[in-house]
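An overview of the molecular structure
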Amino acid sequence: MQIAQNAEREMENEFKKINLIKEHNQLKVLYAMKKNKLSDTHFAGTTGYGYDDVGRDVLDSVFADVFGAEDALVRHNIVSGTHALALCLFGVLRPGDELLSITGKPYDTLEEVIGIRGSGGGSLKELGVSYRQVDLAFDGSLDFASIEKAINKNTRLVYIQRSRGYTQRPALFVKDIKEAVEYVKKIKNDIIILVDNCYGEFVEEEEPLDVGVDLIAGSLIKNPGGGIAPCGGYVAGKSTYVKMAAYRLTTPGLGKKVGASLGMNRNFFQGLFLAPHVVAESLKGVVFSSAFMTKMGLNTFPKPFEKRGDIIQAIQFGSSDKLIAFCQEIQKNSPVDAFALPVPWDMPGYDASIIMAAGTFVQGASIELSADAPIKPPYIAYLQGGLVYEHVKLAVIKAFEAQKKIGRIYGEA
Ligand SMILES: *Cc1c(COP(=O)(O)O)cnc(C)c1O
């Protein structure tokens, strides 16, 4: 398809920029592995309590070096990104403390953790931790004046979500996070700054801990797992806070010293080694998709030449039928479960039904090509991931053609 080839050619310079970031991050990962003398013996697993699991300790140390942390906690039994973030929150906050989100409402799954939604589950709210939030300004930037007003003597932790998640806000760049850290610490310097790093890892050369953030958390079935990690999550940052998160994962006193790695370590090391490359593949995939869809007259966000802070691409379809057709065709062009037909369903906790296309090797892994969409106007699909650029390109062209066949629906332009 000529238009697709043109879109690709026009993005050559964007691809070059992505390659430079990839090189930088690949070096970072390689140096961390060299420095920690990674060796075959670290791939052997432990059982039982997992005392003296050298592989696990080296894994923590490699992650810490890559992300500019004093210490890290990388575990297969951190079951998701939400779990990793909850460990940080429950780990460091105490009754009477206040949690302040400065990027608006956090990712949906954190609502019950904080106590914005649901009750009786032992949320932070039930444990006496109050919550306050400052929304992003209309243009998606941080609202510093309102942040200053919101900070009070109880504010103990400031929460920043780096990625857009599945909303129409833009991703933050590390330089924005730096500005926020400096601003907040000037007002009250004992505030702990936690960044939800999901979807942001290796998108830029710097990471949040490089600019003064205290703690980050994320999922290993997203960027830093490189498509190889079969599950897991991580926490990294200042030793004191990582220790507190580890006390929450296991128990006070035991912390990071226990936890059998069961032979999982090699997957995590190999995944981390591949991660800068895989993140670059998925970034090229979304940059191509944005350019191609724009040429085809669709509204995309971010735009093709816009700088990226995460690996998510929003594409607006303007009709539910087209949106559904697009997602279904992504599924049909997946390596796994290509024969399955995703349909919208009422997921608990969401205000619209959701369709999810993910024909992935690791269940639900969104570093692999996947598309999610709430079925509500303006009918936006969130496309992300892709282990292999060529696959993203092919699947997106196919999916574009499939939704085009649906034709014009009620009053669309
Ligand atoms: C994925 C994600 C999370 C955590 O989600 P899990 O599905 O629990 O791993 C949190 N925040 C953002 C922005 C995310 O993209």
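Quick caveat: nothing in here was measured; it's all calculated off a predicted structure.

Taken together, Ser80, Gly81, Thr82, Leu85, Tyr107, Gln161, Asp196, Cys198, Tyr199, Ser219 and Lys222 make up the full set of residues near the ligand. In this structure, Ser80 approaches the ligand through a side-chain N or O atom, which is 3.3 Å from an oxygen atom. Thr82 is positioned with one of its side-chain polar atoms (N or O) 2.5 Å from an oxygen atom of the ligand. Relative to its free-state accessible area of 380 Å², the ligand is covered by the protein chains to the extent of 88%.

Put simply, helix 4 (residues 81-92) and helix 8 (residues 239-249) touch, their axes get as near as 8 Å, and they point 105 degrees apart. As the angle between them shows, helix 4 and helix 8 are arranged roughly perpendicular. The residues of helix 8 that touch helix 4, namely those facing His83, Leu87, Cys88, Phe90, Gly91 and Val92, are Tyr241, Met244, Ala245, Arg248 and Leu249. A class-by-class count of the residues in the contact of helix 4 with helix 8 yields eight nonpolar, two polar and one charged.

So, on to the pairing of strand 12 (residues 380-384). The buried fraction of strand 12 amounts to five of the five residues, a majority that puts the element mostly inside the structure. Going residue by residue along strand 12, you find Ile380, Tyr382 and Gln384 tucked away on one face and Ala381 and Leu383 tucked away on the opposite face as well. Relative to strand 12, strand 9 (residues 312-316) runs antiparallel, the two being bridged by five bridges. When the sheet's bridge partners are listed, Gln313 is paired in strand 12 with Leu383. Two elements, strand 11 (residues 370-374) and strand 12, share three bridges in a ladder whose sense is antiparallel. Looking at the pairing, Asp372 lines up with Tyr382 of strand 12. Taking the residues between adjacent antiparallel strands as the criterion, strand 11 and strand 12 are bridged by five residues, where Tyr379 takes a positive phi near 60 degrees.

With that settled, consider the pairing of strand 2 (residues 98-101). Residues of strand 2 alternate between two faces, with Glu98 and Leu100 on one and Leu99 and Ser101 on the opposite face, all of them buried. By the bridge criterion, four bridges tie strand 2 to strand 3 (residues 130-133) in an arrangement that is parallel. Within strand 3, the residue paired with Glu98 across the bridge is Ser130. Sheet topology places strand 2 next to strand 4 (residues 155-161); four bridges connect them, and they run parallel. Note that in strand 4 the partner of Leu99 across the bridge is Leu157.

For the structure on display, the rule yields 23 salt bridges. Between Glu14 and Lys17 there is a salt bridge, with its nearest N and O atoms 3.3 Å apart. In this pair, Glu14 and Lys17 both sit in helix 2 (residues 12-35), three residues apart, roughly one turn of the helix. Residue Glu14 is classed as buried on the basis of its relative accessible area of 9%. Residue Asp65 pairs with Lys35 through a salt bridge whose shortest N-O separation is 3.2 Å.

Moving on: the side chain of Lys393. Position of Lys393 among the secondary structure elements: in helix 11 (residues 389-405). For Lys393, a relative accessible area of 13% corresponds to the buried category. A polar contact is formed between the side chain of Lys393 and the side chain of Gln5, at a distance of 3.2 Å.

This part covers the nonpolar core. Core analysis: the largest hydrophobic core is formed by 93 residues, its most contacted members being Phe63, Ile160, Phe292, Phe326 and Ile330. When residues of this core are assigned to their parent elements, the largest contribution, 13 residues, is made by helix 9 (residues 265-295). Setting aside residues up to four positions removed in sequence, Phe63 forms contacts with Ala72, Val74, Leu220, Pro224, Tyr234 and Leu272. Counting residues in each nonpolar core, the second largest holds 29 residues, with Tyr159, Ile192, Tyr241 and Leu249 among its members.

Tracing the backbone shows Arg94 in the loop between helix 4 and strand 2. According to the relative accessible area criterion, Arg94 is partly exposed, its value standing at 40%. Expressed as a C-alpha distance, the spacing of Arg94 and Ser130, which sit 36 residues apart in the sequence, is 10.0 Å.

The rules we used
All residue numbers refer to position in the chain's written sequence, counted from 1. Residues qualify for local features only when their pLDDT is at least 70, as the model is predicted, and side-chain atom pairs are given and counted only at 80 or more; totals for whole chains, interfaces and linings, by contrast, use all residues. Side-chain numbers here rest on the full set of heavy atoms in the structure, without hydrogens or water. Nearness is defined per residue: one heavy atom within 4 Å of the molecule or strand is enough. We call two N or O atoms a polar contact when they sit within 3.5 Å, provided that within protein one can donate a hydrogen and the other can accept it, with sequence-adjacent residues counted only if both atoms are side-chain atoms. The method behind every accessible area is Shrake-Rupley, applied with a 1.4 Å probe, and residues are considered shielded solely by the protein chains displayed. To obtain an axis, a line is fitted to C-alpha atoms, over the contacting stretch when the element is a helix, and the angle between two such axes runs from 0 to 180 degrees between their N-to-C directions. Think of it this way: any DSSP run of H or I at least four residues long counts as a helix, any run of E at least two long counts as a strand, and we number them from the N terminus. These descriptions rest on fixed angle ranges, namely under 35 degrees for roughly parallel, over 145 for roughly antiparallel, 65 to 115 for roughly perpendicular, and the rest for oblique. Contacts between residues were defined by any pair of non-hydrogen atoms, one from each residue, lying within 4.5 Å. Each residue receives one of three labels: charged for Asp, Glu, Lys and Arg, nonpolar for Ala, Val, Leu, Ile, Met, Phe, Trp, Tyr, Cys and Pro, and polar for the others, Gly being one of them. When a residue's accessible area, from a 1.4 Å probe over protein chains only, is under 20% of the maximum for its type it is buried; when over 50% it is exposed; and in between it is partly exposed. In this analysis, strands are considered paired if DSSP registers two or more bridges between them. In what follows, salt bridge is the name for a side-chain nitrogen of Lys or Arg lying within 4 Å of a carboxyl oxygen of Asp or Glu. Remark: nonpolar core denotes a set of buried residues (Ala, Val, Leu, Ile, Met, Phe, Trp, Tyr, Cys) joined through side-chain atoms within 4.5 Å.

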